[in-house]
Amino acid sequence: MPEEKEFYMTEDGLKKLEEELEYLKTERRQEVVERIKIARDFGDLSENSEYDAAKDEQAFVESRIATVENMIRNAVIIKDEDENPDVVSLGRTITFLELPDGEEESYTIVGSAEADPFEGKISNDSPIAKSLLGRSIGEEVVVPTPAGDMNVKIVSVQ
């Protein structure tokens, strides 16, 4: 049996997933069942687009429930109590300067389950995070990107 992927996340991220799972199982699932019941009442199922859409939605909801359950089951909580405070690691917010122009950017490195670049949270699987993990304040790092290599200097780790 293949080894299941571990999902790195904060306590807050785990709590959000548990809340999403509860919502999906108690509310969302019931809403979809109701939609299927209503669509059945429209008659011939072979030409019933409402029924097809409701069944597709049911498949999506059930798939998401399975995905979230798997993520919770394989969650690894990020703890940084024993970590060196100057070293980039999961759960930390990193500020770096793009070289040579000096544009400053900050990101929190989280597991893929919590990643949201619009909120400044990047996945530990992203090219930026992979390049920065294990590095220290003051180090210059080359980050491979689709547009070419980007040089950065780490200025703070929180």
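The chain carries the name Transcription elongation factor GreA in an unreviewed UniProt entry, which gives Gracilibacillus pellucidus as its organism.

Peer 1: Hey, could you run me through the sheet that holds strand E4 (residues 103-110) in this one?
Peer 2: The pairing of strands in a sheet comes from backbone hydrogen bonds and takes either a parallel or an antiparallel form. With mixed pairing, the 5 strands of this open sheet are ordered in space as E5-E4-E3-E7-E6. A strand with exactly one partner marks an edge of an open sheet, and here the two such strands are strand E5 (121-123) and strand E6 (140-143). Sheet twist, expressed as the mean angle between neighbouring strand axes with direction ignored, is 45°. Pairing between strand E3 (residues 93-99) and strand E7 (residues 150-157): 6 bridges, direction antiparallel. Within E7, the residue paired with Ile94 across the bridge is Val157.

Peer 1: Is there a simple way to explain helix H1 (residues 11-40) in this structure?
Peer 2: Every α-helical turn comprises 3.6 residues, leaving residues that sit three or four positions apart pointing alike. Taking 1.5 Å of rise per residue, the 30 residues of H1 would be expected to cover 44 Å, and the 42 Å separating its terminal C-alpha atoms lies within 8% of that figure. A maximum bend of about 40° is found in H1 at Leu24. Contacts from the buried residues of H1 go to strand E1 (7-9), helix H2 (49-73) and strand E2 (75-77).

Peer 1: Please explain the pairing of E4 as it appears in this structure.
Peer 2: The two faces of a sheet get side chains in turn, since along a regular strand they alternate between them. One ladder, built from 6 bridges, connects E3 with E4; its direction is antiparallel. Bridging across to E4, Phe96 finds its partner in Glu105. Count of turn residues in the E3/E4 antiparallel hairpin: 3 residues, of which Gly102 carries a positive phi of about 80°. As paired elements, E4 and E5 share 3 bridges and run parallel to each other. From the neighbouring strand, Thr108 faces E5, where its bridge partner is Lys121.

What counts as what
Going along each chain's sequence as written, the residues are numbered from 1 onward. Local features in a predicted model are, by the rule used here, given only for residues with pLDDT of at least 70; side-chain atom pairs are given and counted only at 80 or more, and totals for whole chains, interfaces and linings are based on all residues. As a rule here, side-chain values cover all heavy atoms of the structure and leave hydrogens and water aside. Paired strands, in this sense, are two strands between which DSSP finds at least two bridges. Secondary structure elements are defined from DSSP: runs of H or I of at least 4 residues count as helices, runs of E of at least 2 residues count as strands, and each element is numbered from the N terminus. Simply put, an axis is a line fit to the C-alpha atoms, just over the touching stretch for a helix, and the angle between two N-to-C directions goes from 0 to 180 degrees. Take the number of residues in a helix, subtract one, and multiply by 1.5 Å to get its expected span. One fitted axis covers the seven residues ending at a residue, a second covers the seven starting there, and the bend at that residue is the angle between these axes. Two residues qualify as a contact provided that any one of their heavy atoms is within 4.5 Å of a heavy atom in the partner residue.

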